[in-house]
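The chain contents come next:
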Amino acid sequence: MKQAEELQQILRRIDHKGYPAYKDTAGAYQCRDYVLSIDHVQGDPFASPSKVSIHINGKKARFPADLIREKHTRTALADALLRRFGREVEQYSHKAKGSGKSGLLAVSRPGQEVLERSACEISPDSGDLLVRMEIGFPANGRTIHSGELIKILFQFLPECVQNALFYKNADQKHLKAVKELAEDQHFIRGQLKEKHLAAFVADGAVLPRESGISDRPMKQAVPFLSPESMAVELHLPNAGMIRGMGIPQGITLIVGGGYHGKSTLLKALERGVYNHIANDGREYVIADDTAVKIRAEDGRSIQVTDISMFINGLPNGKDTRSFVTEDASGSTSQAANVIEAMEAGTRLFLIDEDTSATNFMVRDELMQRVI
């Protein structure tokens, strides 16, 4: 493996050359506390930024074993580290000058959900840490400006890595809270199976979102309160006793007038297949992790799907046991969505009347009686 000093030598050698000379920097370099790997070099300052990864030995990162041992806590830790690293690099993005995407520093931007991401991975055995990011290699026009890249790789980046990716410099109280929340959410998922529940919605949960384009919680929203008839109490390992609505397995019909929160609740349950970060409002909205939202999708393509249990005897004589179309109707698309979800192993359908095909829904005997 090359040393960091060799990378500096390469950069000084190619300074003021044509942009393709940056390709000489590809490879892995041993820095003081981590390995910097330049995995892909962009061909032009206006092209997609270069791909860079940071590898930290677990013995140097020194995150405690209890944060890494279980998959759910390891995923939550990786998510928290990525968010912290993202805030660090954002401070330095575009501080190095140049044309096009020169000076850009960026990592994947997580939303409100806690997910496994290739942008930050932790080895369960060694605790080794891998973080992937993008860096816009600086240029004046299409001429290399390696002095600015040296500034990024040897001043800005080490500062971000030290502040965000080593346990000794981390907000350890915050990481403990992240771990405990992940443990509580994992516990609730286990309780769904034990108590034969399809989902759980905690009292005090904030279900409405800030806007149609924001997934953050709505300010001054009315918190959720379970009806007494469906109230369930759970004793979480860390947060203690929590009360909320337990939705039993089987058929549950949610009714109410317009603007009463039916679709908002269904949307929260739909996203409840994922864990959420603290203060999202839906931390304790947990649904069966196989749940699928079903709706009509006029115009979708359907390929060799058996929808005969719902629809047959079509006017054009099409075989619904092996149905194919490039332009499905509302009812045939919803039928196909149900069958495909069953094939994928779902145990929970979430269906909103507003986005369903009426002539599909009314085929159900129970739905006919409800109407």
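Each chain has its residues counted from 1, following the order in which its sequence is written. pLDDT decides what is reported in this predicted model: residues at 70 or higher carry local features, side-chain atom pairs at 80 or more are listed and counted, and totals for whole chains, interfaces and linings draw on all residues regardless. Side-chain measures were taken over the full set of non-hydrogen atoms in the model, leaving aside hydrogen atoms and water.

**Section: a nonpolar patch on the surface**
- Within the patch definition used here, like charges are joined within 9 Å and nonpolar side chains (Val, Leu, Ile, Met, Phe, Trp, Tyr) within 5 Å, considering only residues with over 30% relative accessible area and no salt bridge. Only the protein chains shown count as cover for residues, and the accessible areas themselves come from Shrake-Rupley with a 1.4 Å probe. Whenever Lys or Arg places a side-chain nitrogen within 4 Å of a carboxyl oxygen from Asp or Glu, that contact is recorded as a salt bridge. Residues Ile251, Leu253, Val255, Leu366 and Val370 make up a contiguous nonpolar surface patch of about 510 Å² in total accessible area.
- Remark: exposure states derive from per-residue accessible area (1.4 Å probe, protein chains only) relative to the maximum for the residue type, with buried under 20%, exposed over 50%, and partly exposed in between. Given a relative accessible area of 44%, valine 370 falls into the partly exposed group.

**A word on the pairing of strand β14 (residues 231–236)**
- Residues Val232, Leu234 and Leu236 of β14 are buried on one face, while the alternating residues Ala231, Glu233 and His235, pointing to the opposite face, are not.
- Between any two strands, at least two bridges found by DSSP are needed for them to pair. Helical segments are the DSSP runs of H or I of at least four residues, strand segments are the runs of E of at least two, and each set is numbered from the N terminus. In this structure, β14 lies alongside strand β15 (residues 240–248), joined through six bridges in antiparallel fashion. Paired with leucine 236 across the two strands is glycine 240, which belongs to β15.
- Linkage of β14 to β15, two consecutive antiparallel strands, is achieved through a turn of three residues.

**So, the pattern of salt bridges**
- Within the structure shown, the criterion is met by 26 salt bridges.
- Between aspartate 79 and arginine 117 there is a salt bridge; the shortest N-O distance is 2.4 Å. In this pair, aspartate 79 sits in helix α4 (residues 71–92) while arginine 117 sits in the loop between β6 (113–114) and β7 (120–122), placing the two residues 38 residues apart along the sequence.
- Several salt bridges converge on common partners, so that one network encompasses Arg209, Asp215, Asp280 and Arg282.

**Looking at the nonpolar core**
- Joining through side-chain atoms within 4.5 Å is the link that ties buried Ala, Val, Leu, Ile, Met, Phe, Trp, Tyr and Cys residues into a set, and such a set is a nonpolar core. Phe85, Met133 and Ile135 are the most contacted members of the largest nonpolar core, which has 59 residues in total.
- Leu265, Ala268, Val273 and Leu350 belong to the second-largest nonpolar core, a separate cluster that totals 18 residues.

**Some details on unusual backbone geometry**
- Here the phi dihedral of histidine 16 falls at roughly 70 degrees; this positive angle occurs in a residue that is not glycine.
- Note on histidine 16: relative accessible area 58%, which makes it exposed.
- Phi is positive for histidine 94, close to 65 degrees, though the residue is something other than glycine.
- Given the relative accessible area of 41%, histidine 94 is considered partly exposed.

**Some details on the packing of helix α1 (residues 4–14) against helix α5 (residues 146–164)**
- Lines fitted to C-alpha atoms define the axes, with helix axes restricted to the stretch in contact, and inter-axis angles between N-to-C directions lie between 0 and 180 degrees. Where α1 contacts α5, the axes come no closer than 9 Å and their chain directions differ by 160 degrees. Looking at the two axes, α1 sits roughly antiparallel to α5. Classified by chirality, the crossing of α5 by α1 is right-handed. For the pair formed by α1 and α5, the contact residues are Ala4, Leu7, Gln8, Leu11 and Arg12 on the first element and Ser146, Leu149, Ile150, Leu153 and Phe154 on the second.
- Classifying every residue of the contact of α1 with α5 by side-chain character gives seven nonpolar, two polar and one charged. An angle below 35 degrees is treated as roughly parallel, one above 145 as roughly antiparallel, one from 65 to 115 as roughly perpendicular, and anything else as oblique. Helix crossings get a hand from a simple test, with the near helix turned counterclockwise from the far one by less than a right angle marking a left-handed crossing and a clockwise turn marking a right-handed one. The contact rule is simple, with two residues in contact once any of their heavy atoms fall within 4.5 Å. Residue classes follow a fixed rule: Ala, Val, Leu, Ile, Met, Phe, Trp, Tyr, Cys and Pro count as nonpolar, while Asp, Glu, Lys and Arg count as charged, and any other residue, Gly among them, counts as polar.

**Side note on the packing of aromatic side chains**
- Pairs were defined over the aromatic rings of Phe, Tyr and Trp, the Trp ring being its six-membered one, requiring ring centres within 6.5 Å. Orientation was assigned from the angle between planes: stacked under 30 degrees, edge-to-face over 60, tilted for the rest. Taken as a whole and judged by the stated rule, the model has five aromatic pairs.
- Their ring planes at 65 degrees and their centres at 5.1 Å tell us that tyrosine 22 and phenylalanine 137 sit as a pair that is edge-to-face. Taken together, the residues span a long stretch of sequence, with tyrosine 22 in the loop between α1 and β2 (27–30) and phenylalanine 137 in the loop between β8 (129–135) and β9 (139–140) at a distance of 115 residues. Neither residue differs from the other here; tyrosine 22 and phenylalanine 137 are each classed as buried.
- In this structure an aromatic cluster arises from ring pairing among Tyr19, Tyr22 and Phe137.

**Details of α5**
- Helices are assigned an expected span. That span is 1.5 Å times one less than the residue count. For α5, spanning 19 residues, the distance from its first C-alpha to its last is 26 Å, which sits close to the expected 27 Å at 1.5 Å a residue.
- Fitting axes to the seven residues that end at a residue and to the seven that start at it, the angle between those axes gives the bend at that residue. Leucine 157 marks where α5 bends most, by close to 35 degrees; the proline proline 158 follows one to four residues later.
- Of all the residues in α5, the buried ones are Ser146, Glu148, Leu149, Ile150, Ile152, Leu153, Phe156, Leu157, Cys160, Val161, Gln162 and Ala164.

**So, the layout of surface pockets**
- With a 1 Å grid laid over protein atoms only, a set of points is called a cavity when a 1.4 Å probe fits there but cannot get out and a pocket when it is open yet has protein on both sides within 12 Å along at least five of seven lines; lining residues have an atom within 4 Å of a point. Grid points are joined across faces, edges and corners, and a volume is the space filled by probe spheres set on the points. One number sums up the size of the largest pocket: a volume of about 1500 Å³.
- Around the largest pocket, the lining comprises 42 residues; the ones closest to its centre are Thr252, Leu253, Ile351, Met361 and Met367.
- For the lining of the largest pocket, the leading source of residues is helix α7 (residues 262–271), giving four residues.
- Considering only residue class, the lining of the largest pocket consists of 27 nonpolar, seven polar and eight charged.
- As a volume, the second largest pocket reaches approximately 960 Å³.
- Forming the boundary of the second largest pocket are 38 residues, of which Arg83, Arg84, Arg87, Pro110 and Ile277 lie nearest the centre.

**Focus: the pairing of β8**
- The buried fraction of β8 is high, at five of seven residues.
- Bridge count between strand β4 (residues 50–56) and β8: seven bridges; the pairing is antiparallel. Paired with serine 53 across the bridge in β8 is arginine 132.
- Note that strand β5 (residues 105–106) and β8 share two bridges and pair antiparallel. By the bridge assignment for β8, leucine 105 is matched with isoleucine 135.
- In the sheet, β7 pairs with β8 via three bridges, with the strands oriented antiparallel. Considered in β8, the bridge of cysteine 120 is made with valine 131.

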